[in-house]
Amino acid sequence: MPQMGVSMAEGTVVGWHKRVGDWVEAEETICEISTDKIDSEVPAPATGRVSEILVEPEQTVPVGTVLARIATDAGAGDRRSKIAQQIGRHPEEHLDAPAAQAEPSAETEPARPVAPHAPEPAQARTNGASAHRERRAYSPVVQRIAASEGVDLSRVSGTGRGGRVSKQDVLAFLQQRGGDVSSEPAQPSAPPQPSEPPLHIESPYVEGPGEGPQRLSRMRRSIAEHMVRSLHTAAHCTSIVEADFSGVESARRALGITHLPFVARAVIDALRVHPDLNATLDGESLTLHRAVHLGIAISLGRDGLIVPVIRDAHELAPEGLARRVSELAERARAGELSHDDVRGGTFTITNPGAFGTLASTPIINQPQVAILDLEAVVKRPVVVTDGAGRDSIAIRPMAYLCLSWDHRALDGALAARFLATVRARIESWESS
């Protein structure tokens, strides 16, 4: 099990792209793994033939565990029967259906090497297409894109080895389909989705369709474990303030961006004033961080959620933060984030208000000590005071800012002062 990030301690094998007896090129994807943060493709460390697979799919093992062995002294033209004899198995156990048809006699014909991305044979795409699709296995990246775009993967022709559908195949299918929704089964109309990446959405998060009890997806199980551990670890408290977004509303409309980047900038400024919240707590060791590495919770739809990190966010203006959020959201939903993209955060912002919620109590993203929740910006009547001290009622765009914080590291007064600084920064935007 490779070390895909400094905080990674274990990983789960999602599936194997190769089987015993298959030829693999160095750097070609041999399997996929999942950690508590992200799914990744694992490249083969060397060229050769897979001689042994030691960890089965869905098995979780520590970093450093041997997953498989590759016979690097094997030749691409070695007979499969010879490899099978070396590992004590019958050669037909390691051949897929198209290969078996192409090689009726493994004892007399040498195995032909297959290029990692060679097109699927015409026979497999025509006469054997239906049977082949039933056995298809798709990577998490492909499944995420298909789910978000409403693609029936059985209709996508794969150009990978053995007809495997790659990310490029799905994107090409979408490009060919264009905006013609008639090429896919009719879907019920849905309201337009906000451009900001929300955290909370209603979804079953389960594996497989149908009625009755179902097992949570692998990512949902990982999220559940992480959230329960956080609740059992941190002394959660939540403080809430209300902020007037009148100045931000004018500025964001002028720039053509959402409220989130302005809130992020206000949070960064407040963390510079109150560094105790820009911290991580590991056991009894509290570390205050000078740089602000800002985590933004991104929804992946049915796949769950992920928190990529904007490194050195304190160096960015709202426009720069908006670009980084958009870029990370695109990469997250395409399954292109690396482990470095999701580690090392010092503070997190989540944004369920994009779906209209008014108040939430978010769970702290361990080992951080606080998380800010941005709720919906809603116009409502409020009391305002003019320069002469006269009160009146006005309609203003208002929103609640909900801060969950760890009482082991912070006290209520400090949390309140931090929120007051965030609110003051937001409400003074017009004059900044």
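All of the points below concern the structure found in this document.

**Some points on the overall build of the protein chain**
Right, on to step 1. Counting its regular elements, the protein chain contains 11 helices and 18 strands.
Right, on to step 2. When the 432 residues of the protein chain are sorted by exposure, 46% land in the buried category.
Right, on to step 3. Of the roughly 21,600 Å² that the protein chain leaves accessible, carbon and sulfur atoms contribute 52%.

**Here we look at unusual backbone geometry**
Right, on to step 1. Residue proline 367 follows glutamine 366 across a cis peptide bond; omega there is 5 degrees.
Right, on to step 2. Relative to the helices and strands, proline 367 resides in the loop between β15 (347-350) and β16 (370-374).
Right, on to step 3. The phi dihedral of glutamate 58 is positive, around 75 degrees, even though this residue is not glycine.
Right, on to step 4. With respect to the helices and strands, glutamate 58 occurs in the loop between β5 (48-53) and β6 (60-62).
Right, on to step 5. A positive phi angle, close to 50 degrees, is found at aspartate 312, a residue other than glycine.
Right, on to step 6. Within the fold, aspartate 312 resides in the loop between β14 (309-310) and α10 (318-333).
Right, on to step 7. According to the relative accessible area criterion, aspartate 312 is partly exposed, its value standing at 30%.

**A short note on the nonpolar core**
Right, on to step 1. Membership of the largest hydrophobic core comes to 55 residues, with the highest contact counts inside it found for Phe347, Leu401 and Leu403.
Right, on to step 2. Among the elements that line this core, the one with the most residues is helix α9 (residues 260-273), at nine residues.
Right, on to step 3. Formed by 16 residues, the second largest nonpolar core is a distinct cluster that contains Trp16, Cys31, Ala44 and Leu67.

**Things to note about the pairing of strand β9 (residues 279-282)**
It is a general feature of regular strands that their side chains alternate between the two faces of the sheet.
Right, on to step 1. When β9 meets strand β10 (residues 285-288), the two strands line up antiparallel, connected through four bridges. When the bridges of β10 are listed, aspartate 282 appears paired with serine 285.
Right, on to step 2. Two successive antiparallel strands, β9 and β10, enclose a turn made up of two residues, where glycine 283 displays a positive phi of approximately 65 degrees.

**Focus on the pattern of salt bridges**
Right, on to step 1. All chains considered together, the criterion is met by 15 salt bridges.
Right, on to step 2. Between glutamate 28 and lysine 18 there is a salt bridge, with its nearest N and O atoms 2.8 Å apart. In this pair, glutamate 28 sits in the loop between β2 (23-24) and β3 (29-34) while lysine 18 sits in the loop between β1 (10-16) and β2, placing the two residues 10 residues apart along the sequence. We note that glutamate 28, like lysine 18, is buried.
Right, on to step 3. Its salt-bridge partner being arginine 331, residue glutamate 327 comes within 3.7 Å of it at the nearest N-O pair. Linking glutamate 327 with arginine 331, this pair stays in helix α10, spanning four residues, or about one helical turn.
Right, on to step 4. Residue classification places glutamate 327 among the partly exposed positions, given a relative accessible area of 36%.
Right, on to step 5. We classify arginine 331 as partly exposed; its relative accessible area is 22%.
Right, on to step 6. Connected through shared salt-bridge partners, Arg324, Glu327, Arg331 and Asp341 make up one network.

**A word on the sheet that holds β6**
Right, on to step 1. Here four strands make up an open sheet; going across it, the order is β4-β3-β1-β6 and the pairing antiparallel. The sheet terminates laterally at β4 (39-43) and β6, the two strands that pair on one side only. Ignoring strand direction, the axes of neighbouring strands in this sheet form an average angle of 40 degrees.

**Quick word on the side chain of threonine 346**
Right, on to step 1. Mapping threonine 346 onto the fold places it in the loop between α10 and β15.
Right, on to step 2. Since its relative accessible area comes to 1%, threonine 346 is described here as buried.
Right, on to step 3. A distance of 2.6 Å separates polar atoms of two side chains, one belonging to threonine 346 and the other to asparagine 278.
Right, on to step 4. Other than its neighbours up to four places away in sequence, threonine 346 contacts Leu277, Asn278, Ala279, His289, Ala291, Val292, His293 and Gln368.

Conventions we followed
All residue numbers refer to positions counted from 1 along the written sequence of the respective chain. With pLDDT at 70 or above as the cut-off, local features in this predicted model cover only qualifying residues; side-chain atom pairs require 80 or more to be listed or tallied, and sums for whole chains, interfaces and linings still use all residues. Here the side-chain values reflect all heavy atoms present in the structure, with hydrogen atoms and water set aside. Runs of E in the DSSP output that reach at least two residues are strands. Runs of H or I that reach at least four are helices, and both are numbered from the N terminus. The buried label goes to any residue with under 20% of its type's maximum accessible area, the exposed label to any with over 50%, and the partly exposed label to all in between, with areas taken from a 1.4 Å probe on protein chains only. Methods summary: accessible areas were calculated by the Shrake-Rupley approach with a probe of 1.4 Å, and residue burial reflects only the protein chains presented. Only buried Ala, Val, Leu, Ile, Met, Phe, Trp, Tyr and Cys residues count toward a nonpolar core, and they belong to the same one when joined by side-chain atoms within 4.5 Å. If DSSP finds at least two bridges between two strands, the strands pair. Any Lys or Arg side-chain nitrogen found within 4 Å of a carboxyl oxygen on Asp or Glu counts as a salt bridge. The convention used is that axes are lines fitted to C-alpha atoms, helices contributing only their stretch in contact, and that angles between N-to-C directions extend from 0 to 180 degrees. Whenever a nitrogen or oxygen atom comes within 3.5 Å of another N or O atom, the pair is scored as a polar contact, on the condition that within protein one atom can donate a hydrogen and the other can accept it, and that pairs from neighbouring residues in sequence are kept only if both atoms are in side chains. By the convention used here, residues are in contact when the closest approach between their heavy atoms is within 4.5 Å.

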